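Spelled out, the chains give:
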Amino acid sequence: MAERAARRPAGRVTKTFVRSDERQGAYGLLESAAVGADEVGVAMFEACARRSAREPFVFCAIDGTSLNLTDYERSKGFGPVGSRAEGGRGLKVMNAMVLSPEGVPLGVSSQRYWTRADHRRALHRDKCRPEEKETQHWLAVMKQTREVMAEHAPATRCWFQLDREGDAWPVLKDAGLGKHWFTIRARRKRRVLMPDGTKAYLWPLLKQQPVKTRYVLEVRAAWRRKSRKANMVVRACKVTLDIRDKRTGERSRIDVNVVQAIEDGTMPVGEEPIQWTLLTNRPIEVIKDMTDVIAGYSMRWRIEELHRTWKSGTCSVEDNQLRSASAAIKWATILMGVAARIERIKQLSREKPDLPATDEFSPAEIKAAALLYFGKAAKTKVSPAATPTMADVTLWIAYLGGYTGKTSSGGPPGSIVISRGLESVRAAAQAIEALASDQ
C-alpha cells in the first residue's frame, strides 16, 4: 500500500487505488481491528533510525499539527480541532522528523495521534498532572525516538529541536535524558538562580551579557513582516533555571546554556524585532558552538514543510473520507512516509546535488524520468555508462511537474512540482519494469 501511495499520492483511497480489488484490500487493512494504528508506523520509524546510524548526531525536529477531517454526524471518533466555536473535527498529531547534520530528511522517527475532548476540562491546566495535559505527547514522541534510535542507531546522538510550545518544565527535565541534546525556544520569563543565591529573570540577565558575534539574516516577506536583511546580534550565558510545578509547588533546578539572537536596528516601523532565545544542553564554549545552536534550531522549520506536503501539498491527507479514527490514522501514517520521501528528494538535490541518483531512485525510475523529459533524445542525452546525479534527475522530474526554472519561479524545485513529476515517472517506471519482466 505504501509503494502504491508513493506512485499515486492522494488523500482519498479511491484516487490511489483505481482497481476494485486493490481498493477492497486497502479498505480491508485500514478498517481491520486486527492491525493497530500504531503498528503501521513501526517500519517507517525503524527505517528512519537505520538511515541515522551512519551519522554522529541527527537533528530531531518535533512539532504538532491538526488534521481537519469530515465528520458531519460526529460518528467517526474524531474530536474538536481549532476553535470549538467553529465546530471543526479531526485529529491532533505530533511528529518527530529526523534530519542529517546537513539538513537532509532521514525520515520520521515517531508519531502520536490523539483526540481532544468535546468539552473543556474542569481543572485549570496548572492543576493537572503532565500526563493529563498535551505536554505528555512531547514526552512520548521523544521517548519513542530515543527507544528506536537505541535499537537501530545506538551510536547516534539525537539533537531535539522544539518550538516555544515545548518550553514546559516536564519537557526541560526529560529532553536531555541519556546522551541526547535539546534546543527549546523559550517563551516564558524564566526565573534563574544566580551564583550568589539571589534570583533574577532571564531576559534582563541576557541584556547584560556582552555581544558574542553578529550576522545578517535574510528575512522573507510574510504576514505583517517585510522582507529585509536583518542585523542579528548574539549573546549567550550559562544559567540555572528555577523551575516550579504549579500543581504541587515543588521546585527544581535545571542547568542550561542560553543562546539569544536578536535583531538590532533593522526593524521596519511597527514591527517587533526578530528574536530567538534558545535553551540548550549543547556546550557553548566557543562562538561556533553558539552559531551551531542557532543553525540547528533553524532546521526545525523543515518539519513545517513536511506538514505542508502531507496536508495541503502532495498528499492532501485531510481529503480522506474514511469511516473511523483508526482507519484515518493508518492512512495518514502511510501518507506521512510518502511526504517524507518527497522532502528527502527535495533537500538531497539541494544539499548533495552530486550524489548518484541511484542512491534514491530505482534504475526504472531514472530511465522513466529521462524518457519522459528528453523523449527520443534520451539515448543521446543520458549515457548508459554514466550515472546521473541527484540534482539532474530531480530537475527532470520537477520540469515534468511544471517547474519553470529557477529564474522565473524564484528558487530551486519545491515539493509540489517534484511530487507532480514523480506521479508520471512512477507510472512510466512501472510500465518499464513490467516490460522487462516479460522479456
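Residues numbered from 1 in each chain as written. Predicted model: local features only at pLDDT ≥ 70, side-chain atom pairs only at ≥ 80, totals over all residues. Heavy atoms only, no water.

Colleague: Explain the overall build of the chain to me, please; I cannot follow it from the model alone.
Modeller: For the chain, the helix and strand inventory stands at 15 helices and twelve strands. The C-alpha atoms of the chain give 24 Å as radius of gyration, which agrees with the globular expectation for 439 residues (22 Å, within 12%). Projecting the C-alpha coordinates of the chain onto the three principal axes gives extents of approximately 80 × 50 × 45 Å. When the 439 residues of the chain are sorted by exposure, 50% land in the buried category. Taking as baseline every contact in the chain between residues at least 6 positions apart, the subset at least 24 positions apart corresponds to 65%. For the chain, the accessible area works out to roughly 21,800 Å², and carbon and sulfur atoms hold 50% of it. Counting 72 positive and 51 negative side-chain charges, the chain places the centres of these two groups 3 Å from one another. (Helix = DSSP H or I, 4+ residues; strand = E, 2+ residues; numbered from the N terminus. Rg over C-alpha atoms; globule rule 2.2 N^0.38 Å. Buried < 20%, exposed > 50% of the residue type's maximum accessible area, 1.4 Å probe, protein only. Contact = heavy atoms within 4.5 Å. Areas by Shrake-Rupley, 256 points an atom, 1.4 Å probe, with all protein chains shown as cover. Lys, Arg positive; Asp, Glu negative; His and termini not counted. Charge placed at Lys NZ, Arg CZ, Asp CG, Glu CD.)

Colleague: Explain the pattern of salt bridges to me, please; I cannot follow it from the model alone.
Modeller: Two side chains with opposite charge may pair up if their charged atoms get near one another. Considering all chains together, one arrives at 29 salt bridges under this definition. For Asp63, the salt bridge identified is with Arg300, shortest N-O distance 3.3 Å. With Asp63 in strand 1 (residues 57-68) and Arg300 in the loop between helix 8 (287-298) and helix 9 (301-311), the pair connects residues that are 237 residues apart, well separated along the chain. Considered together, Asp63 and Arg300 belong to a single accessibility category, that of buried residues. Via salt bridges that share partners, Arg4, Arg19, Asp21 and Glu22 belong to a single interconnected network. (Salt bridge = Lys/Arg side-chain N within 4 Å of Asp/Glu carboxyl O.)

Colleague: Any chance you could explain helix 10 (residues 325-351) here in plain terms?
Modeller: Every α-helix carries 3.6 residues per turn, so stepping three or four residues along brings you back to the same face. Between the first and last C-alpha of helix 10 there are 38 Å, a value that for 27 residues agrees with the 39 Å anticipated at 1.5 Å per step. Counting buried positions over the 27 residues of helix 10 gives 22, a clear majority of the element. (Expected span 1.5 Å × (residues − 1).)

Colleague: I keep staring at the pairing of strand 10 (residues 228-244) and nothing clicks. Help me out?
Modeller: Along any regular strand the residues' side chains alternate between the sheet's two faces. When you tally the buried positions in strand 10, you get 13 out of 17 residues, the bulk of the element. Judged from the two bridges that link them, strand 7 (residues 191-193) and strand 10 form a sheet pairing that is antiparallel. Bridging from a neighbouring strand, Val192 pairs with Leu241 of strand 10. Pairing geometry for strand 9 (residues 213-219) and strand 10, over seven bridges, is antiparallel. By the bridge assignment, Tyr215 is partnered in strand 10 with Met232. Bridging between strand 10 and strand 11 (residues 251-263) involves 13 bridges; their strand directions are antiparallel. (Pairing = 2+ DSSP bridges.)

Colleague: I'm lost on the side chain of Lys76 in this one. Help?
Modeller: With respect to the helices and strands, Lys76 occurs in the loop between strand 1 and strand 2 (79-80). No salt bridge is formed by the buried Lys76. Its closest oppositely charged neighbour is Asp71, at 5.5 Å. With near-sequence residues (within four places) excluded, Lys76 lies in contact with Thr70, Asp71, Gln321, Leu322, Arg323, Ser324 and Ala325.

Colleague: Any chance you could explain the packing of aromatic side chains here in plain terms?
Modeller: The description of an aromatic ring pair rests on the distance of the ring centres and on the angle between the ring planes. Taken as a whole and assessed by the stated rule, the structure comprises 13 aromatic pairs. Relative to Trp301, the ring of Trp276 has its centre 5.2 Å away and its plane inclined at 25 degrees; by these criteria the two rings are stacked. Residue Trp276 is found in strand 12 (residues 275-280), and its partner Trp301 is found in helix 9; the two are separated by 25 residues along the sequence. Between the aromatic rings of Tyr399 and Tyr403, the centroid separation amounts to 5.3 Å while the plane-to-plane angle is 50 degrees, which identifies the pairing as tilted. Directly above the ring of Trp181 sits Arg282, whose terminal nitrogen or CZ lies 4.9 Å from the centroid. Looking at Arg300, its charged tip hangs above the ring of Trp301, at a distance of 5.1 Å from the centre. (Phe/Tyr/Trp six-rings, centres within 6.5 Å; stacked < 30°, edge-to-face > 60°. Lys NZ or Arg CZ within 6 Å of the ring centre and 35° of its normal.)

Colleague: Hey, could you run me through the environment of Pro273 in this one?
Modeller: With respect to the secondary-structure elements, Pro273 resides in the loop between strand 11 and strand 12. If sequence neighbours within four positions are ignored, Pro273 has contacts with Glu263 and Met267.

Colleague: Any chance you could explain unusual backbone geometry here in plain terms?
Modeller: Most peptide bonds take the trans configuration, and most residues that are not glycine carry a negative phi. One non-glycine residue, Arg74, adopts positive backbone phi at about 55 degrees. Along the chain, Arg74 turns up in the loop between strand 1 and strand 2. Within the chain, Ser316 stands out as a residue other than glycine whose phi angle is a positive 45 degrees.

Colleague: I would appreciate a short explanation of a positive patch on the surface in the present structure.
Modeller: Side chains of Arg84, Arg120, Arg121, Arg125 and Arg187 sit close together on the surface and give a patch of like positive charge. If you trace the backbone, Arg120 turns up in the loop between strand 4 (105-114) and helix 5 (135-152). (Patch = residues over 30% accessible without salt bridge, like charges linked within 9 Å, V, L, I, M, F, W, Y side chains within 5 Å.)

Colleague: How should I be thinking about the packing of helix 10 against helix 13 (residues 390-400) in this particular structure?
Modeller: Axes are the key here: two packed helices are described by the angle between their axes and the distance separating the axes. Closest axis-to-axis distance for the helix 10/helix 13 pair is 8 Å, and the angle between their directions is 130 degrees. In terms of their interaxial angle, helix 10 and helix 13 are classed as oblique. Between helix 10 and helix 13 lies a crossing of left-handed hand. Mapping the contact onto sequence places Ile345, Leu348 and Ser349 in helix 10 and Met390, Ala391 and Thr394 in helix 13. The residue makeup of the contact of helix 10 with helix 13, split by class, is four nonpolar, two polar and no charged. (Axes fitted to C-alpha atoms, helices over the stretch in contact; angles between N-to-C directions. Parallel < 35°, antiparallel > 145°, perpendicular 65-115°, else oblique. Left-handed = near helix turned anticlockwise from the far one by under 90°. Nonpolar A, V, L, I, M, F, W, Y, C, P; charged D, E, K, R; others polar.)

Colleague: Which parts of the structure should I look at to understand a nonpolar patch on the surface?
Modeller: Nonpolar side chains collect at one region of the surface, where Tyr373, Leu395 and Tyr399 lie side by side and expose about 230 Å² of accessible area between them. Topologically, Leu395 is positioned in helix 13.

Colleague: Could you clarify how one ought to interpret the state of the cysteines in this entry?
Modeller: One way to say it: the disulfide is the covalent bond shared by the sulfur atoms of two cysteines. One pass over the structure, following the stated rule, counts zero disulfides. Of all cysteine sulfurs, the one in Cys158 lies closest to Cys60, which takes part in no disulfide; the gap is 5.4 Å. (Disulfide = S-S within 2.5 Å.)

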